[in-house]
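Now for the letters of each chain:
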Amino acid sequence: MTQKVLVVDDARVVRISLGRILKKLGFEIIEAENGKEAYEAMNAHPDIALVMLDWNMPVMNGYEFLVAMREQERFSENPRVIMVTTETGMPSMLKALAAGADEYIMKPFDESLVCDKLDIVGIAYNRE
Ligand SMILES: [Mg+2]
């Protein structure tokens with residue numbers, strides 16, 4: 001079964017590069033440009049296994065989306081959430097983890113870093 005990943009970032013170039021990596025790893029990609037779109041995507045595709053989530057976005061930021069999504073009973077554990085952000089401060093990281101994020105990736109990222117984080121959060125992917 002192909003697992004779905006929701007890639008949430010207001011920067012198109014980030015969505016493309018993350019999407020390219022994740023597609024190669026065998027995932028189906030769904031994109032959102034902000035937290036509001038991401039929230040709508042989760043309700044349209046409740047089987048999404050993983051969210052790769054930017055922090056700074058217009059309309060609704062990644063943190064606000066995370067809190068709103070985890071408030072829904074069916075999303076309290078899944079999907080897994082990996083923050084992908086330039087918010088490098090430890091307080092921000094702790095705040096996101098406390099709100100239900102599972103891991104944290106600092107930009108810039110590469111395929112091996114993404115794979116390491118998928119291993120940590122327990123999401124299976126195609127290995128070559
Ligand atoms: Mg951003």
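Residues numbered from 1 in each chain as written. Predicted model: local features only at pLDDT ≥ 70, side-chain atom pairs only at ≥ 80, totals over all residues.

Asker: If you had to explain the overall build of the protein to someone new, which residues and values would you point to?
Answerer: Counting its regular elements, the protein contains 5 helices and 5 strands. Element order for the protein, N to C, with α for helix and β for strand: β-α-β-α-β-α-β-α-β-α. Taking 14 Å as the expected radius of gyration for a compact globule of 128 residues, we find that the protein reaches 13 Å, a close match to that expectation. For the C-alpha atoms alone, the extent of the protein along its principal axes is close to 35 × 30 × 25 Å. Per-residue burial over the protein gives 34% buried out of 128 residues. Within the protein, counting contacts between residues at least 6 apart in sequence, those at least 24 apart form 61% of the total. (Helix = DSSP H or I, 4+ residues; strand = E, 2+ residues; numbered from the N terminus. Rg over C-alpha atoms; globule rule 2.2 N^0.38 Å. Buried ≥ 20, exposed ≤ 12 C-beta atoms within 10 Å, placed from the backbone. Contact = placed C-beta atoms within 7 Å.)

Asker: Quick one: what's the story with the pairing of strand S2 (residues 28-32), residue by residue and with numbers?
Answerer: Note that strand S1 (residues 4-8) and S2 share 5 bridges and pair parallel. Of the residues in S2, the one forming a bridge with Val7 is Glu31. In this view, the connection linking S1 to its parallel neighbour S2 by way of helix H1 (residues 12-24) has right-handed handedness. (Pairing = 2+ DSSP bridges. Right-handed = clockwise from strand over helix to strand, strands pointing away.)

Asker: Before we move on, could you go through the sheet that holds strand S3 (residues 50-53) and cite the residues and values that matter?
Answerer: Ordered by their spatial adjacency, 5 strands build an open sheet running S2-S1-S3-S4-S5, and the pairing between neighbours is parallel. Lying at the two open borders of the sheet, with one neighbouring strand each, are S2 and strand S5 (103-106). Shown here is a sheet whose adjacent strand axes are inclined to one another by a mean of 20°, direction ignored. As judged from the 4 bridges shared by strand S4 (residues 80-85) and S5, these two strands associate in the parallel manner. Considered in S5, the bridge of Met83 is made with Tyr104. Those strands touched by helix H3 (residues 62-70) are S1, S3 and S4, and its axis lies near 155° from that of S3. (Axes fitted to C-alpha atoms, helices over the stretch in contact; angles between N-to-C directions.)

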